[in-house]
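Observations on the three-dimensional arrangement
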Amino acid sequence: MQPPSEMPMQFLPAYRMTRRDLRLGSGLVLFAYVTAHLANHALGLVSVNVAEAGLRVAVAFWHSLPGTMLLYSAAGIHLALAMVAVYERRTLRMPAPEALRIALGFGIPLLLIGHFTSTRFAFELYGLRSDYARIVWALWTSDGEGRQLALLAPGWLHGCLGLNFAFGLHPLYRRIRPLLFGAALLLPILAALGFLAMGRELAILGANRAWLEAHVSLMNADQRIRLGHIRDVLLAIYFGAVGLVLAARGLRSLLERNGKALITIIYPQRAVQVPRGWTVLEVSRHFGIPHRAMCGGRARCSTCRVRVVDGAARCPPLGPDERRTLERVRASPDVRLACQLRPDSDIAVVPLFSAQSAASPRRMSHKVHRYDAEDITISYDVKRCIHAEECVRGLPRVFDPGRRVWVDATQANAEEIANIVQRCPSGALHFRRADEGAQEPTPGCNEVRIMRDGPLYFRGELEIHTPTAVLKETRAALCRCGASRNKPFCDNSHADIAFCASDESGLTPAAGETEDGLLRVMPATNGPCVVEGSLTLVSNDGLTRATCGPRFVFCRCGQSRNKPFCDGSHVKAGFRDIGAALSPRPRGAVITQIAEHGMSPSGHARSG
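Basis of the calculations
- Residues numbered from 1 in each chain as written.
- Predicted model: local features only at pLDDT ≥ 70, side-chain atom pairs only at ≥ 80, totals over all residues.
- Heavy atoms only, no water.
- Helix = DSSP H or I, 4+ residues; strand = E, 2+ residues; numbered from the N terminus.
- Buried < 20%, exposed > 50% of the residue type's maximum accessible area, 1.4 Å probe, protein only.
- Areas by Shrake-Rupley, 256 points an atom, 1.4 Å probe, with all protein chains shown as cover.
- Axes fitted to C-alpha atoms, helices over the stretch in contact; angles between N-to-C directions.
- Parallel < 35°, antiparallel > 145°, perpendicular 65-115°, else oblique.
- Contact = heavy atoms within 4.5 Å.
- Nonpolar A, V, L, I, M, F, W, Y, C, P; charged D, E, K, R; others polar.
- Pairing = 2+ DSSP bridges.
- Expected span 1.5 Å × (residues − 1).
- Phe/Tyr/Trp six-rings, centres within 6.5 Å; stacked < 30°, edge-to-face > 60°.
- Lys NZ or Arg CZ within 6 Å of the ring centre and 35° of its normal.
- Patch = residues over 30% accessible without salt bridge, like charges linked within 9 Å, V, L, I, M, F, W, Y side chains within 5 Å.
- Salt bridge = Lys/Arg side-chain N within 4 Å of Asp/Glu carboxyl O.
- Core = buried A, V, L, I, M, F, W, Y, C linked by side-chain atoms within 4.5 Å.

**A few points about the overall build of the protein chain**
Within the protein chain one finds 17 helices and 17 strands. Of all 608 residues assigned to the protein chain, the portion counted as buried reaches 46%. Entry remark: accessible area of the protein chain is about 29900 Å², with carbon and sulfur atoms responsible for 60%.

**Description of the packing of helix α1 (residues 19–42) against helix α2 (residues 48–62)**
Close contact between α1 and α2 brings their axes to 9 Å; oriented N to C, the two are set at 160°. Classified by the angle between their axes, α1 and α2 sit roughly antiparallel to one another. From α1, Val29, Tyr33 and Asn40 reach across to α2, where they touch Ala51, Gly54, Leu55 and Trp62. Classifying every residue of the contact of α1 with α2 by side-chain character gives five nonpolar, two polar and no charged.

**Some remarks on the sheet that holds strand β7 (residues 376–380)**
Strand order in this open sheet of three strands is β6-β7-β8, and the pairing throughout is antiparallel. Lying at the two open borders of the sheet, with one neighbouring strand each, are β6 (369–372) and β8 (429–433). Averaged over all neighbouring strand pairs, the angle between strand axes comes to 20°, with direction disregarded. When β7 meets β8, the two strands line up antiparallel, connected through five bridges. By the bridge assignment for β8, Ser379 is matched with His430. Its contacts with the sheet put helix α14 (residues 414–421) on β7 and β8, and the angle it makes with β8 is roughly 150°.

**Focus: α1**
Since one α-helical turn is 3.6 residues long, residues separated by three or four positions face the same way. Helix length check: α1 (24 residues) gives 34 Å between terminal C-alpha atoms against 34 Å at 1.5 Å per residue, within 8%. Residues of α1 that are buried include every one of Arg20, Asp21, Arg23, Ser26, Gly27, Val29, Phe31, Tyr33, Leu38, Asn40, His41 and Ala42, and no others.

**Overview of the packing of aromatic side chains**
Taken as a whole and judged by the stated rule, the model has nine aromatic pairs. Seen from their ring centres, Tyr33 and Trp62 are 5.2 Å apart, and the 85° between their planes marks the pair as edge-to-face. On the criterion of sequence distance, the pair formed by Tyr33 in helix α1 and Trp62 in helix α2 is long-range, its members being 29 residues apart. Classification of Trp62 as buried rests on a relative accessible area of 11%. Put simply, the rings of Phe458, Phe552, Phe554 and Phe565 pair up and form one aromatic cluster. When the ring centre of Phe489 is taken as reference, the NZ or CZ atom of Arg384 above it lies at 4.0 Å.

**Things to note about the sheet that holds strand β4 (residues 335–337)**
Spatially, the five strands line up as an open sheet ordered β2-β1-β5-β3-β4, and their pairing is mixed. Each edge of the open sheet carries a strand with a single partner, namely β2 (271–275) and β4. When the angles between neighbouring strand axes are averaged without regard to direction, this sheet yields 40°. Bridge count between strand β1 (residues 262–266) and strand β5 (residues 347–351): two bridges; the pairing is parallel. Considered in β5, the bridge of Ile266 is made with Ala348. With respect to the sheet, helix α12 (residues 320–328) is in contact with β3 (305–310) and β4, its orientation differing from that of β4 by roughly 130°.

**Considering helix α3 (residues 65–88)**
Taking 1.5 Å of rise per residue, the 24 residues of α3 would be expected to cover 34 Å, and the 34 Å separating its terminal C-alpha atoms lies within 8% of that figure. Burial in α3 covers these residues: Gly67, Thr68, Leu71, Ala74, Leu81, Met83, Ala85 and Val86.

**Observations concerning a nonpolar patch on the surface**
A cluster of nonpolar side chains, namely Leu45, Phe181, Leu185, Leu186, Ile189, Leu190 and Leu193, defines an oily patch on the protein surface of about 660 Å² accessible area. Among the secondary structure elements, Leu190 is positioned in helix α8 (residues 177–205).

**A closer look at the nonpolar core**
The nonpolar side chains of a soluble globular protein tend to be buried with one another. Ile265, Tyr267, Val280, Val283, Ile347 and Val349 are the most contacted members of the largest nonpolar core, which totals 25 residues. Broken down by secondary-structure element, the contributors of at least two residues to this core are β1, β2, α11 (280–286), β3, β4 and β5. Counting residues per element, this core draws most heavily on α11, which supplies three residues. Setting aside residues no more than four positions away along its own chain, Tyr267 makes contact with Val272, Val280, Val283, Ser284, Ile289 and Val349. Counting 23 residues, the second-largest nonpolar core is a separate cluster that includes Val398, Val407, Ala414 and Ile417.

**Considering the pattern of salt bridges**
Scanning the entire structure with this criterion turns up 17 salt bridges. Glu532 is the salt-bridge partner of Arg551, the closest N and O atoms lying 3.4 Å from each other. Taken together, the positions of Arg551 in strand β16 (residues 551–554) and Glu532 in strand β13 (residues 529–532) put the pair 19 residues apart, joining distant regions of the chain. Classification of Glu532 as buried rests on a relative accessible area of 11%. When salt bridges that share partners are traced, they join Glu463, Lys472, Arg520, Glu532 and Arg551 into one network.

The structure is reproduced here in structure tokens:
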């Protein structure tokens, strides 16, 4: 039998530390240091003595050899990685939260160098303890408390934004986000109040000169001059390092422009040329091409994924961060992360996630909410929702109206969510898969179901003409009571006006085959809704079915005696659109003729 010491350790998984891991690990160490620092300041609300007791515990750890190595190595690694990241960026165009995080990150050393000089260097060189009595008294008497309070904001905001970028899509993080937001808001406020409370307490105690000489170790003039010189040298080194990075970026850009080594990246919208070395995400941002990226280009969220439709074999190999993320979402071989892919030859790509600012075939004048998970994105149009509750009944752990954010796409797999979303009759919910699963299909047949005392549920290959756009839809709930303020869509106004339409005299039983193809829906101004195409019309009890086409007209005023079809009653009733006015359609002359002469289109219902 092989001795245990000679057995291969195959049960231990191979793990390679990546730049992303170093950035996150060092950032967490620094965030823990800042959090402990703020919590210690907050203890000043109790008393200076309590704050001093907490500080002694913190100093015992951070001034020890392991604590010192951990803190300063984390700071060095984090700053070095930030410098490298800035150098590697080909463009400084980025979303505002990402730009704010970077700006705060580079501003932190400007504030902390002076603080570390007066605390750690003062302790190492002159044995001056880093206690609240000395530090707070010195700042309070020199009117430097404002500077100290300013130290709190940049580091804390930078850390909070970094955590949100790193863990924003994690299910646990999303569940406790309200609690974390409260802590992120409250802790720096308590820290500032604690610092001010300590300053006032020390100002009272310091009025006694004997107490001041016994408890506060103040620096003399020579010590202040030497520490000031050290601070200036450290600031000069920092500014020099930042200047070298910016100069290196400028020199590289000049060489790339003069070298004329350009490659072409083809998007569905356009083709652009850039020098080699740009990431696809940087190209998108530089040229204003909508491209989603939620983690700030750290290869975490996978929302910047693109499918390389041409040139995949010529792309550089996957890096460890990119490989790990793509394996997690089970991406196909032709999918890459736009934030990591730096092509060195011509390629054609298609982004897999729609961006918030991207033009959509479902264009609306109001906001469409989006809820992201790693493998699916749910879009929700609040003005289209009529609370049919198919989603709530079908998947309550994802769709919960009692939650502050009522949709949590991380609570079920993409297949379950896709099946439930397709049951939404109004089209308020849609989905987009990002896990190589099937995208939302077009129904195989066109169908309109009549809801008792309610709207018409359309399902199929729909082309709906609205005042602002022609919408490509697969599901829609269209008003037939005449009271909706979101015409042609239903907004539940039929319940407010007690709309009654239990009779369906215009619909007669007729067996027919399932119909498909384009269904063009054209609401007329102050008139009915003309539909061109073929569909199956289903009564509210589901027992009566008729195949209709190629052209028919639905009542939209609620007055017809031939429901669901128009009989011209809107003319006598003086029906007028309320809410958003509808524009005349290309076939408006024909629509008006039918409306004015009261022609009943019920004869268009035919047997299959």
